[in-house]
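Chains, contacts and geometry: an overview
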Amino acid sequence: MSARALTLSVPDRQRLIEGAFEAKKGTYSPYSKFPVGAALLSVDGQIIKGANIENASYGGTICAERTALVKAVSEGIRSFIGLAVVTDVKAPISPCGMCRQVIREFCVLNMPILLVPADYPQAEPAEGTTEGGVRETTLGELLPDSFGPEHLELSRK
Ligand SMILES: [Zn+2]
């Protein structure tokens, strides 16, 4: 069982979802043709947007979630209360494993993560989703038994 998710207010939830759609406009994804937008909500109410930025040397590609995080962190914003992610797929799509680990560095395990379908708000949301077809999950659910910064503080033999 994972910890109960923190609750976002309705206006914050809406700002995050709109931020993710807005963020997706910044995508540079000529290779995958898989645009992604991500929006973070900081504790002081700022929305930080990120899109996936690909590279001809594929390994240089950075996902939308990590773009948003590195933008925020490099500007000194390091406390977040929510994340929303949207793609062009008409279903909720999860962050990749690498992004989950990077999110883990800066976000609490019960932080809400909203996986938003491209056709939000869906008239007939799929089973297991909430309002508008959004899948609401948490970092702890997406990355169970994870390794984080606190583990480096443990005493060693
Ligand atoms: Zn990723």
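Predicted, not measured: the structure shown is a model, and the values here were computed from it. (Residues numbered from 1 in each chain as written. Predicted model: local features only at pLDDT ≥ 70, side-chain atom pairs only at ≥ 80, totals over all residues. Heavy atoms only, no water.)

1. So, the packing of helix α2 (residues 64–74) against helix α3 (residues 97–106)
It is the contact of α2 with α3, at a shortest axis distance of 9 Å, that shows an interaxial angle of 25 degrees. What the angle tells us is that α2 and α3 run roughly parallel. The handedness of the crossing between α2 and α3 comes out as left-handed. Counted together, E65, R66, L69 and V73 of α2 and M98, C99, V102, I103 and F106 of α3 form the full contact between these two elements. For the contact of α2 with α3, the class distribution of residues is seven nonpolar, no polar and two charged. (Axes fitted to C-alpha atoms, helices over the stretch in contact; angles between N-to-C directions. Helix = DSSP H or I, 4+ residues; strand = E, 2+ residues; numbered from the N terminus. Parallel < 35°, antiparallel > 145°, perpendicular 65-115°, else oblique. Left-handed = near helix turned anticlockwise from the far one by under 90°. Contact = heavy atoms within 4.5 Å. Nonpolar A, V, L, I, M, F, W, Y, C, P; charged D, E, K, R; others polar.)

2. Examining the coordination of the zinc ion
Taken together, the protein donors to the zinc ion comprise C63 (SG), C96 (SG) and C99 (SG), at separations of 2.2 to 2.4 Å. As a motif over one chain, the donors of the zinc ion read C-x32-C-x2-C. Taken together, the positions of C63 in the loop between β2 (47–51) and α2 and C99 in helix α3 put the pair 36 residues apart, joining distant regions of the chain. C99 matches C63 in its accessibility class, with the two residues each being buried. (Donors = N, O, S within 2.8 Å, 3.2 Å for Na, K, Ca; no water. Buried < 20%, exposed > 50% of the residue type's maximum accessible area, 1.4 Å probe, protein only.)

3. Quick notes on the UniProt feature "binding site: Zn(2+)" (unreviewed entry) in the protein
In the numbering used here, UniProt assigns the feature "binding site: Zn(2+)" (unreviewed entry) to C63, C96 and C99. For the residues just named, distributed over 37 residues, the greatest C-alpha separation is only 8.4 Å, placing them together at one site. Position of C96 among the secondary structure elements: in the loop between β3 (80–87) and α3. Non-local contacts of C96, meaning those with residues more than four positions away in its chain, are made with C63 and E65. Classification of C99 by relative accessible area gives buried; the value is 0%. Not counting the four nearest positions on each side in its chain, C99 is found in contact with C63, E65 and R66. (UniProt positions renumbered as here; feature names shortened; annotations may be inferred.)

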